[in-house]
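Understanding the architecture of this molecule
If you want the building blocks of each chain, they are given just below.
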Amino acid sequence: MVIQEAFGLTGHIKSICNRLADAGWTAVAPALFHRSSAPAPVFEYDDFEGLMPVMGSLTADGLTSDVDAAFSELERRGITAEQSGIVGFCMGGSVTLATAARKAVGAAVTFYGGGLAQGRFGYPALLSLGSSIRTPWLGLFGDRDQGIPAQQVERLRVAAESAPVPTEIVRYPDAQHGFNCDDRPAVYNEAAASDAWRRTLAWFDNYCQANNK
């Protein structure tokens, strides 16, 4: 399951689904903005005026419902929870970590998910969830991310180390927020993105049960 970035089901998120499909995975991406309008809006990367009211309308209950509906769709296709993985970008990375603390599935990967020290969308501060992670979880962060201080990432690493499942955090010294998005030349970091993608596929292969592709 692919959880969208803050701007919606952008071309970048669709490309992630295609890349997962090319690697042999079934990929679904719930449209988390669907309650705002139909079809769910997608925003340009500089349209914060349009984006913020829609982001502000999101709730933890609504996000949980959408994530669980997407897992149900995977189950309908014969893919069990143990065979499933979830990966999220930006706000989707936050949703992914909250999901990993709430639900046991095969594997979870967070790309630069914020809200570590102060919860968003009605979630608690994600730092408080670290020790409760139930799904093998990989966190990928950039040290130049102005919204997610490296000190908070390190606190999350310590908290997650006491979780009952494998966890790992990787920091990229030269990477900014959104470093994986090749549609944004100002923040894209090819070296970090390449390494993070390799780790993501390996994490899914390692922790999702067999017959998951």
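Per chain, residue numbering runs from 1 following the sequence as it is written. Reporting of local features is limited, given that this is a predicted model, to residues whose pLDDT is at least 70; pairs of side-chain atoms are given and counted only at 80 or more, and all residues count toward the totals for whole chains, interfaces and linings. Water and hydrogen atoms play no part in the side-chain values, which are based on all heavy atoms of the structure.

Describing the packing of helix 1 (residues 11-22) against helix 6 (residues 190-207)
Defined as follows: Between N-to-C directions, angles cover 0 to 180 degrees, with each direction set by a line fitted to C-alpha atoms, over the stretch in contact for helices. Each helix is a run of H or I in the DSSP string that is no shorter than four residues. Each strand is a run of E no shorter than two, and both are numbered from the N terminus. With respect to orientation, any angle under 35 degrees is reported as roughly parallel, any angle over 145 as roughly antiparallel, any angle of 65 to 115 as roughly perpendicular, and every other angle as oblique. Rotating anticlockwise by less than a right angle from the far helix to the near helix defines a left-handed crossing, while the corresponding clockwise rotation defines a right-handed one. The criterion used for residue contact is that any of the two residues' heavy atoms lie within 4.5 Å. Ten residues, namely Ala, Val, Leu, Ile, Met, Phe, Trp, Tyr, Cys and Pro, are considered nonpolar, four, namely Asp, Glu, Lys and Arg, are considered charged, and the remaining ones, Gly among them, are considered polar.
Contact geometry for helix 1 and helix 6: axes closest at 12 Å, N-to-C directions at 55°. Taken together, helix 1 and helix 6 sit at an angle that is classed as oblique. Two packed elements cross with a definite hand, and for helix 1 against helix 6 that hand is right-handed. Residue-level contacts link Ile16, Arg19 and Leu20 of helix 1 to Trp197, Leu201 and Phe204 of helix 6. When its residues are assigned to classes, the contact of helix 1 with helix 6 shows five nonpolar, no polar and one charged.

Observations concerning unusual backbone geometry
That bond from Ala38 to Pro39 is cis: its omega, -5°, falls within 30 degrees of zero. In the Ramachandran plot, Tyr112 falls in the positive-phi region, its phi being about 40° despite a non-glycine side chain. Along the polypeptide, Tyr112 turns up in the loop between strand 3 (107-111) and strand 4 (137-142). At Phe121, a residue that is not glycine, the phi angle is positive and equals roughly 65°. For Phe121, the position within the fold is in the loop between strand 3 and strand 4.

On their own, these measurements won't tell you what the molecule is for.
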